[in-house]
Amino acid sequence: MKGRFMRVMVLFDLPVETAEERRAYTGFRKQLIRKGFVMMQESVYTKIVQNPPAARAVISYIRSVSPKEGLIQVLVITEKQYAGMELIIGHVQKEIIDTNEKLVISMKLVHQDWEKAVILNDEKVPLISIENPQCLYHTLKELEEESRTGIGNFVLSEDSQILDMKKRFLFVASPWDMDLNDRKLTTKLLLQLTGEAQNEIYERKSEELCSAIQNWLEELTMDMPLPVTYDLDVDLEALLKAFHVHLEEQGESLAEKMLIFMKSWDILCGETAFAFYGFRNLMAPEERPLFYENAKEENFNFVLIEGPCHDTIEAEDLFIIDKDLCQIFE
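Quick look at the structure, then.

**Some thoughts on the sheet that holds strand E7 (residues 107-111)**
Inference 1: Taken in spatial order, the four strands of this open sheet run E8-E7-E10-E11, and their pairing is antiparallel. Lying at the two open borders of the sheet, with one neighbouring strand each, are strand E8 (118-119) and strand E11 (161-163).
Inference 2: The pairing of strand E10 (residues 154-158) with E11 spans three bridges and is antiparallel. When the bridges of E11 are listed, Leu 156 appears paired with Leu 163.
Inference 3: Helix H4 (residues 133-149) contacts E7 and E10 of the sheet and is inclined by roughly 60° relative to E10.

**Description of the pairing of strand E13 (residues 273-277)**
Inference 1: In terms of residue burial, E13 counts as a mostly covered element, since four of its five residues are buried.
Inference 2: Relative to E13, strand E12 (residues 169-172) is paired through four bridges, and the arrangement is parallel. Bridge assignment links Phe 169 to a residue of E13, and that residue is Ala 273.

**Concerning the packing of aromatic side chains**
Inference 1: Taken as a whole, this structure holds 13 aromatic pairs when the rule is applied.
Inference 2: Ring pairing ties together the aromatic residues Phe 261, Trp 265, Phe 274, Phe 276, Phe 279, Phe 291, Tyr 292 and Phe 302, which thus form one cluster.
Inference 3: Positioned above the aromatic ring of Tyr 82, the side-chain terminus of Arg 7 is 4.1 Å from the ring centre.
Inference 4: The lysine or arginine in question, Lys 35, covers the ring of Tyr 61, its NZ or CZ lying 4.7 Å from the ring centre.

**Notes on the environment of Phe 261**
Inference 1: Looking at the element boundaries, Phe 261 is found in helix H9 (residues 254-269).
Inference 2: Expressed as a C-alpha distance, the spacing of Phe 261 and Asp 223, which sit 38 residues apart in the sequence, is 49 Å.
Inference 3: Contact partners of Phe 261, with chain neighbours within four places excluded, come to Leu 170, Val 172, Asp 177, Met 178, Asp 179, Leu 180, Phe 274 and Phe 276.

**Focus on unusual backbone geometry**
Inference 1: Positive phi outside glycine occurs at Ser 43, with the angle close to 65°.
Inference 2: By secondary structure assignment, the location of Ser 43 is in the loop between strand E2 (38-41) and strand E3 (44-49).
Inference 3: Residue classification places Ser 43 among the buried positions, given a relative accessible area of 18%.
Inference 4: Of note, Asn 299 is a non-glycine position whose phi angle comes to about 60°, a positive value.
Inference 5: Along the chain, Asn 299 falls in the loop between helix H10 (288-297) and strand E14 (301-306).

**Thoughts on the packing of H9 against H10**
Inference 1: Orientation of H9 relative to H10, taken along the N-to-C sense of each, is 15°, at an axis distance of 10 Å. Taken together, the axes of H9 and H10 are roughly parallel relative to one another. Taken as a pair, H9 and H10 cross one another with a handedness that is right-handed. When H9 is examined against H10, the residues Ala 255, Met 258, Leu 259 and Met 262 are found in contact with a partner set consisting of Phe 291, Asn 294 and Ala 295.
Inference 2: Of the residues contributing to the contact of H9 with H10, the split by class is six nonpolar, one polar and no charged.

The rules behind the values
Counting of residues starts from 1 at the beginning of each chain's written sequence and follows it residue by residue. Reporting in this predicted model follows two pLDDT cut-offs: at least 70 for local features of residues, and 80 or more for side-chain atom pairs to be given and counted; totals over whole chains, interfaces and linings ignore these cut-offs and use all residues. With hydrogens and water excluded, all non-hydrogen atoms of the structure serve as input to the side-chain values. By definition, two strands form a pair when at least two bridges between them are found by DSSP. Numbering of helices and strands runs from the N terminus; a helix is a DSSP stretch of H or I covering at least four residues, while a strand is a stretch of E covering at least two. Contacts are residue-level and defined by heavy atoms, with any inter-residue pair within 4.5 Å sufficient. For helices, the fitted axis covers only the stretch in contact; all axes are lines through C-alpha atoms, and the angles between them, taken along N-to-C directions, range from 0 to 180 degrees. Remark: exposure states derive from per-residue accessible area (1.4 Å probe, protein chains only) relative to the maximum for the residue type, with buried under 20%, exposed over 50%, and partly exposed in between. Aromatic pairing here means that ring centres of Phe, Tyr or Trp (its six-membered ring) are within 6.5 Å. Orientation follows from the plane angle: under 30 degrees is stacked, over 60 is edge-to-face, and everything else is tilted. Geometrically, a lysine NZ or arginine CZ counts as sitting over a ring once it is within 6 Å of the ring centre and also within 35 degrees of the ring normal. Each angle gets one of four labels, with under 35 degrees taken as roughly parallel, over 145 as roughly antiparallel, 65 to 115 as roughly perpendicular, and the rest as oblique. Here a crossing is called left-handed whenever its near helix is offset anticlockwise from the far helix by less than a right angle, and right-handed whenever the offset is clockwise. Charged residues are taken to be Asp, Glu, Lys and Arg, nonpolar residues to be Ala, Val, Leu, Ile, Met, Phe, Trp, Tyr, Cys and Pro, and polar residues to be all remaining types, Gly included.

Next up, the structure:
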C-alpha cells in the first residue's frame with residue numbers, strides 16, 4: 001500500500017516588490033496550505049497524494065490558483081524517492097505548517113477527496129461537521145475499516161513520514177467503545193510491567209518473589225500422594241494475569257474518560273491518533289473548553305467528527321462538508 005503514495009512538490013519564486021505582488025504571494029501560499037501542503041523549506045512545499053490521478057488533480061488546482069507573474073514549478077515523485085532524499089548540509093526539520101503566526105509540528109490526517117488537511121495537534125481542536133448523511137456514513141465507514149486494516153483513502157502522517165493507520169490510528173464510534181480493558185491495552189500493560197519487574201530496581205524483589213513461590217509450591221505438593229511437578233522458572237506475565245492485573249476505569253464525566261483513554265493508549269501503545277464520532281454533542285457546552293485545554297496540555301492527537309454543528313467555539317477549527325458536499329473552512 002505504501003508504494004502507491006506520492007509527493008507533489010511545489011517550488012516557487014514570486015516577486016514581492018509591490019503591494020499587489022505581495023498580496024499575490026501571500027494568497028498563493030495560503031491556497032497551498034488550505035490544499036494540505038506543508039512547508040519543506042522556504043518556497044518549497046510538499047503534499048502527500050495516493051496515486052497519479054490524485055497528483056494530476058492537485059497540479060490542476062495549483063494552475064488554477066497561481067499568480068500571473070513569477071516562477072512556479074511542480075515535481076511529482078514517489079514516497080520512496082522522497083524518503084531517500086540525501087541531506088548535504090544542515091539538519092532535517094520536522095514537518096511544519098507555515099502560517100503568519102507560528103510554526104507547528106504537525107500530525108495530520110488527509111483524504112484524497114478533502115481540500116483541507118486536518119491538523120490533529122494544532123492550537124485549535126479539529127472539528128469536522130458532515131451535514132450530508134450519506135457522506136457522513138461513508139466517512140465513518142472508511143475510518144473504521146482503515147483503523148482495522150490500514151487500507152483506505154485516508155493518510156496519516158507525521159514529520160514527513162506516512163504512519164500505519166492500523167497501528168497508529170484509532171476510530172472510536174461511541175463512548176462505550178472506550179474500553180480500558182481492551183485486549184491490546186491489557187497485553188501492552190502486562191508486557192510493560194513484566195519488563196519493569198526485570199529491571200535493576202525490581203530484579204532482586206522479583207527473584208525473592210519467585211523463590212517464595214517455589215518454596216510454597218514445594219510445601220504444598222510435599223504431602224500429595226501423587227507425583228506433582230512444576231516449572232522452576234516463574235512466568236512473571238502469567239503471574240500478573242493470575243492476579244487479573246488491568247487498568248482501572250476512572251473518570252466521572254465523558255471528558256475525563258476521554259482524557260484517561262487517550263493517555264492510556266499513548267503510554268502503552270505509543271503516540272496514537274484518535275477520531276471520536278458523536279462525542280462533542282454528548283459533552284455539556286461548559287465542559288468543552290476545559291477538555292480542550294487539558295487535551296492540548298497532554299499534546300493528544302485527535303479529531304472530533306459530528307453531524308451538523310451550530311454552536312462552535314473559538315477553540316475549535318471547524319471543517320464543514322455541507323449537504324451539497326461543498327467543503328467550507330477558514
